Amino acid sequence: MEGVALSNSMISPYSGDLFHETPLMLRFLDFATRAFPNAVNYLFVFVDMLSAIVLMKIGNLFARYLLQKQVNDIQRVSTKAEKIIIRKASVEDLHLYLAAAHLFNPYSVAVCLGKSTAVFNNLAIYFSFLFLLQGNELVCLFSIAMATYQSLYPLTLLAPVALYFYTVRNPKKVNSLSPDAVNSYVRTTVLGLLSITGLVAISYILEGSTKFLYSTYGFVLSVPDLTPNLGVFWYFFTEMFEHFRTFFICVFQIHAFIYVVPLSIRLRDHPVFLMYILVVLMSIFKSYPSYADVALLTSLLPLWKHTFSYMRNKFVVTNMFVCCAVFGPILYHLWIYAGSANANFYFSIALAFSSAEVFLATDLLFAYLRREFDLKHGIEQKLENGKTAQVTLE
Amino acid sequence: MIFAILLSLSTSVLTVNTADPPVEEFFASNHTNNWAVLVDASRFWFNYRHVANVLSIYRSVKRLGIPDSHIILMVADDMACNPRNPRPATVFNNANQNINVYGDDVEVDYRGYEVTVENFIRVLTGRLPPSTPRSKRLLSDERSNILVYMTGHGGDGFLKFQDSEEISNVELADAFQQMWQKRRYHEIFFMIDTCQAESMFQKFYSPNILAVASSKVGEDSLSHHVDPAIGVYVIDRYTYYALEFLENVQPGSKKTMDQFFKVCPKFQCQSTVSVRTDLFQRDPKKTIITDFFGSVRNVELLTETLNLQDSTAEFSCSKDKCPEEKLQKTSVQLLSYAKQFPMPN
Amino acid sequence: MGLLSNPKQRQKIIDAVSKYNNKLCVLCYVVGVGWFLALASPYLNAQTYISENALLPGVVGNEFHFADFEVDAVLKELEGELQKDKGKLPRDWLYRQFRMIGLDTYMQNYSIKYPLHITRGQTVPGQNVYAILRARRTASTEAIVMSTPFRPKSSDLTKTTGSIVLMLGLARHFRKQPYWSKDIIFLVTDHEQIGMQAWLNGYHLLEADYIKPGELPGRSGPIQAAINLELPIGFLKSFDLKIQGLNGQLPNLDLFNLAVRLCKKEGADVTLHQQINVNGNEAFTLDGFQHTLKTMLKMMWSQAMGLPTGNHGMFHQYHIEALTIQGIHKKKSGNIQLDIAGRIVEGIFRSLNNLLERFHQSFFFYILPATNRYVSIGMYMPPFGLLCAPGLIKAIALWVGAGKETNKKEVKGDKEEKTESGKEEITSETYDQDREKKEEKTDHQEAEEEINSEEEDEEETFHPGSGILSTVPLLFSSTLMGLLCSMGPDLLASMSGSFRMNIEDGIFYGFLALFTASLIFPRMVRRKTSKGKKLQFDWQLLKCIGLIFQSLVLFSLALMNISLAFFLGVVIIPITVIVHPTSNRLLLWFQKLLLLLVSPAVLVYLTAVVGTLQEEKFTHLTTLLSKSWSNLSRGLLLTLVDRDFFGSWMFSVFSFSVLPNWLIFWGIAFCEPT
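All values derive from a computational prediction rather than experimental measurement.

Peer 1: Explain unusual backbone geometry to me, please; I cannot follow it from the model alone.
Peer 2: Outside of glycine, negative phi angles account for most residues, and trans bonds account for most peptide bonds. Even without glycine at this site, Arg183(B) takes up a positive phi of about 55 degrees. In this fold, Arg183(B) is placed in the loop between α5 (169–181) and β8 (187–193).

Peer 1: Just checking my understanding: could you explain the sheet that holds strand β5 (residues 183–189) of chain C for this structure?
Peer 2: In sheet architecture, strand pairing relies on hydrogen bonds along the backbone and comes in two forms, parallel and antiparallel. Residue and element names in this part refer to chain C. Pairing is mixed in the open sheet, where 10 strands are placed in the order β6-β2-β3-β5-β4-β7-β11-β8-β9-β10. The open sheet is flanked by β6 (211–213) and β10 (275–276), the only strands paired with a single partner. Pairing of strand β9 (residues 270–272) with β10 involves 2 bridges; the strand directions are antiparallel. Residue pairing for β10: Thr 271 is matched across the bridge by Ile 276. Sitting on the sheet, helix α6 (residues 192–203) touches β2 (104–113), β3 (123–133), β4 (143–149), β5 and β6, and the angle it makes with β6 is about 45 degrees.

Peer 1: What's the story with the sheet that holds strand β13 (residues 373–376) of chain C in this structure? I'm lost.
Peer 2: Residues and elements named next belong to chain C. Taken in spatial order, the 3 strands line up as β1-β13-β12 in an open sheet, and their pairing is antiparallel. A single partner strand is all that each edge strand has here, and the edge strands are β1 (46–47) and β12 (366–370). In this sheet, β13 lies alongside β1 in antiparallel orientation, the contact comprising 2 bridges. The partner of Gln 47 across the bridge, within β13, is Arg 373.

Peer 1: What am I meant to see in the nonpolar core here?
Peer 2: Generally speaking, soluble globular proteins have nonpolar side chains that are buried together. Of all hydrophobic cores here, the largest spans 345 residues; its most connected members are Val37(B), Leu38(B) and Ala259(C). Considering each element in turn, this core owes the most residues, 15 residues, to helix α16 (residues 539–560) of chain C. Excluding anything up to four places from it in sequence, Val37(B) contacts Ile72(B), Val123(B), Leu124(B), Leu138(B), Ile146(B) and Val148(B). In terms of nonpolar packing, the next biggest core, distinct from the first, is built from 5 residues, Phe508(C), Phe511(C), Leu637(C) and Leu640(C) among them.

Peer 1: Could you clarify how one ought to interpret the packing of helix α2 (residues 23–35) of chain A against helix α10 (residues 179–207) of chain A in this entry?
Peer 2: Helices that pack against each other are described as a pair by the angle of their axes relative to one another and the distance between those axes. All names here are of chain A. The contact between α2 and α10 brings their axes to 8 Å, and the two run at 65 degrees. In this structure, α2 contributes Pro 23, Leu 24 and Arg 27 to the contact, and α10 contributes Leu 199, Ile 202, Ser 203, Leu 206 and Glu 207. Considered class by class, the residues forming the contact of α2 with α10 number 5 nonpolar, 1 polar and 2 charged.

Peer 1: Just checking my understanding: could you explain helix α9 (residues 338–354) of chain C for this structure?
Peer 2: Side chains of residues three or four places apart in an α-helix project in the same direction, reflecting 3.6 residues per turn. The terminal C-alpha atoms of α9(C) lie 25 Å apart, and with 17 residues this matches the ideal 24 Å at 1.5 Å per residue to within 8%. Taking burial as the measure, the 17 residues of α9(C) include 16 buried ones, the bulk of the element.

Peer 1: Explanation requested: the environment of Tyr107(A) in the structure shown.
Peer 2: Residues and elements named next belong to chain A. Of note, Tyr 107 is situated in helix α6 (residues 106–113). A residue is classified by how many C-beta atoms lie within 10 Å of it, and Tyr 107, with 24 of them, is buried. Note: C-alpha distance between Tyr 107 and Arg 64 (43 residues apart in sequence) is 28 Å. The contacts of Tyr 107, once residues within four sequence positions are left out, are Tyr 291, Val 294, Ala 295 and Thr 298.

Peer 1: Can you walk me through the UniProt feature "transmembrane region" (unreviewed entry) in chain A in this structure?
Peer 2: Residue and element names in this part refer to chain A. When the UniProt feature table is mapped onto this chain numbering, "transmembrane region" (unreviewed entry) sits at residues 39–59, 151–168, 189–206, 212–237, 244–261, 273–304, 316–338 and 344–369. Along residues 189–206, the helical share is 100% and the strand share 0%, with 26 Å between the first and last C-alpha atoms. Secondary structure content for residues 244–261 is 89% helix and 0% strand, and the end C-alpha separation is 27 Å.

Peer 1: Would you mind going over the UniProt feature "active site" (unreviewed entry) in chain B with me for this structure?
Peer 2: All names here are of chain B. The feature "active site" (unreviewed entry), as given by UniProt, occupies His 153 and Cys 195 in the numbering adopted here. Judged by maximum C-alpha separation, these annotated positions cover 43 residues in sequence but sit close together in space, the widest gap being only 6.4 Å. Tracing the sequence through the fold places His 153 in the loop between β4 (144–151) and β5 (154–155). A tally of 18 C-beta atoms within 10 Å means that His 153 is categorised as partly exposed. Contact partners of His 153, with chain neighbours within four places excluded, come to Ser 42, Lys 160, Thr 194 and Cys 195. Mapped onto the elements, Cys 195 comes out in the loop between β8 and α6 (198–201).

Rules used in this analysis
- Residues numbered from 1 in each chain as written.
- Chains lettered and ligands numbered in written order.
- Predicted model: local features only at pLDDT ≥ 70, side-chain atom pairs only at ≥ 80, totals over all residues.
- Helix = DSSP H or I, 4+ residues; strand = E, 2+ residues; numbered from the N terminus.
- Pairing = 2+ DSSP bridges.
- Contact = placed C-beta atoms within 7 Å.
- Axes fitted to C-alpha atoms, helices over the stretch in contact; angles between N-to-C directions.
- Core = buried A, V, L, I, M, F, W, Y, C linked by C-beta atoms within 7 Å.
- Buried ≥ 20, exposed ≤ 12 C-beta atoms within 10 Å, placed from the backbone.
- Nonpolar A, V, L, I, M, F, W, Y, C, P; charged D, E, K, R; others polar.
- Expected span 1.5 Å × (residues − 1).
- UniProt positions renumbered as here; feature names shortened; annotations may be inferred.

Here's what the structure looks like:
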């Protein structure tokens, strides 16, 4: 919004330290505020509703995808695993869950009320899920490109998309590392990168200078703004000696991207799940995480409803989320407004929140893998001595 | 070894028959000029006493003959003009307010935010930018005796500067070593009044340094008394008693450093004054206090005749077992050695 | 992580918790309460000290005396002015006095519009007089405030004529001093806290709905600290320091210590809630402990009320440290003259003058058992945690128990039913959350509680099973009650006019009706559920949710107002942990009785009883009860007015968290045992 005002008064919004949106977004918002001067609030509500509709579609498609996948893998499934097989009935109202989780999610409501432009970013990610499941490669890649163009981190989503479209193209795939497969990966990645470059190029043409690159992506990567937020970056970097800063920024940013590789290898058969896990990781390791990212991951959470029964820490994780949601604002209030608590109080909550997200991710990962294991080997595992075996996460 | 060569180099030095006591005393110190670096490292109104400390020492050394041009005075805050000062433009070191140590002729070389660790080390080592005026430089040479006085808030191994940075004892020791290598001093008397002050000189390793500190490691140095009219502590204990001693020192005085070290016993200071003499070549008992605190030229008229012999050549040869030309060569080499450092001017 | 991923160790802990949970709960509760009360003992608390170097308390010699100021003459003049116009502030006289001293003197006009149609839309005017002493040698970047409320002759509170005279004397004295580095604002306010709020709003350029502050003609820098004086004229016995501000906020402990230190320096007795300190050694005896415990509980009680004990209380919300010095008047035994008070204030101001930055050292969260001892947040949180632990332990035990049962069910149950229930669940949830969304829009201030309860609902989506659906109506209706309760007053007030009822009574009886309605709500819910006549729901799950919600509320409160959290916790926790449905009729009635005892309405009434008991001594129980009954209705109205005037959140806390939470447990008591 400030950016619109700045550009209206003929100042390049990128020369200051206030505005970090991308040029296309700026144009779009500018257009929106001009076209409907009184209806900007409704724009956000509209985007929110659109997200809900997209989520419902995702739900339907995903249910079909799950059943399809189950049919494909039927040979590998153990006969004893009958109970955990997904029935049609149990997934057919998945779209309702998704929509409810989005619309009545306190986080997404807060984001919408706060009129954060992150809703557009979230929408782009929802679209990429949607078109992924529809199998529309080009549009999917374009959605990812949009999201990446907005906030850089969704770049990692290219990996699951590449995996997915390879499996779509060769349903009878043998080896995910064959030259054919690599070829397909490269093709997808190049297409994705091309569309991102295209967007950046358009912005360059519109803007006429490369200044925006620094104040958008440079801002994300070098973390100059240490205003307290949900993440852990701000605290570390306010405490840190200036000369170590570059090193630690590299370490922190690598975190956001490094997990793509091992996870892609392990979850190569489950690209959609991989994509979700990457979304969660993104919101943990982002340099400026916000409620919007939490909204994103909680809205998509019901997709994995069938694995919930395998989650072991749901009580702990849920409580952590609840506590953080309540204590976070209170401590922030005490620190900033009442002045009686200090930054450490708030940071401890931000840290707890991040660990809750980590727990959620690991727990979900565990639950998913555990379910796969059970599908292969059947539910009841008996050891030789007749006791029920317990699967441990090593 | 270096010391021996230095001795041999200096042309004016004459070795004297050790059996001749007045002459020994006359040449005991071997210095030709005196410098003082006086540092108050802390700011804020409630640290009034540190400013008073350093200004009192400044006043004493000036009274004993070190000119302003040879004193580098670093004061981190301007107490005299603090709005909280009920008596503007004055600083007193005593509740009786008989001496305004912020008199008419105080020349502060580094003030306010100029008092930083960097500037302090640069002053000591002479690595100042070329544009620095002479009055802000320590233009000492290998014949200079330097008094370094520091006060502020310290801890084990550091002294805080300005609430934002600190100088560590290792840094300080290295700075002195650099000074020694660059032949910027002859002898240093290091005096520090801060908490755990002893730790600041424990890491010294350069020769000819005599050091005294107001407290041992683990002890606090305490303030002396309050001036209820100003509403602050006006001076620290150690400095207070040291000043009391210095007030009785006249330019021709024969008081020794050893006497000075006995100032402020535990019952007065409530902290243990600690001294380090192992780096110092002379006997503190025979070192007179004005070697550091004053600029006293020993010009004495004697009635008896003294036999002075030019023993330079003899001395160096006896040490190095060398012929005359070799000595010449060494001196040339050493001169070029000196030139490779960027000496001021 | 080891704990979370190693199933064997986990199982052990879970087993231990579910096996010993009852004993653990009792142990935690008893130890928690005992420990907390024991904090009053000098063995467990700490000596106060000043942690801000810059203050240099008491170092300066205090010079103030009334020598060149004819106290009696000024006093006589003031008395004369007061006689002239009863019930009004002699503003013009004060204005002239400050002008004569040579200060920048201004007046602020403001108007008060009472909420709830109390004054039928009319506004009440008010005026504050203030004078600014500009620091001579600095820019006006910071300021300290000396304030005194003006009380007309008719007021039954401590007279403040002494402090007005003293303020004039001090202003005259301060004016001559060259050493000020901060501006000093002398402020005389009208209408007690309302005037103060109006002045502060005006100073910080804030607009409020009910108090319309007029523009301030003169202003200084950010206010660093404030001292409020309430001194009567004549000889004083001691000084009482009042610290509790709005919503139980406290000033920085350094400021309090400073005031105590200076009073001691001038040889004046200083008290906290009129409780003098016990002597050094006596503190370690049992008698001493009882005394300090009494002081501590008094202090906590007053903090728990969330009402400011003086005008200083308004400063806290603007991040300004402030306290009130009240002079305790005794006709014969007093030996403190006004100029001693003057010297104390002078000393405090000179120390504040030395401040370099805002108070930030020392503590903001503390409890005081004596003026020279303190209990910091680090000391009181562990016992408080223990006190709250039973709720959490029980919740975990219930969860584990419920988990086991559902596991069993899942193995047996068939799929069809499961999906059906899932469907229903989601629709009802949609409804539930839809309603909450509306709530959020209506009342943004309560967003926290909203998120909270929505989170509760979200929790349900996380796990499958049949139990959740059944708890929803109960959760829904209890939150609805909370909403009604918070909206109620405005509705009732607008209605009571047409009934020709007193507004106070209207609101009071309205609340009574609301509460009675909420008592029978389990029956209403029962009627809604078509299956049979009995309430059927997974009470274990409901209790688990309720307990977690309760712990969350208590801990959140503990961060803002430890005393309130403590008193609430002590009363509520044992009963809520015990409550469970039973078929034993006697036990059931006993439970219901207990629950009624800790219901918000009864709690509020008990508070009123204790409040009246503190004010006066009653010989007869019935008079006490009836007096507190009338106090209750007045107190209720005042709490509501406070909410609108000052932003006190006491009422909101009760209506949005305490009441719904209690209703959950009330519902459990009506539940059919499984």
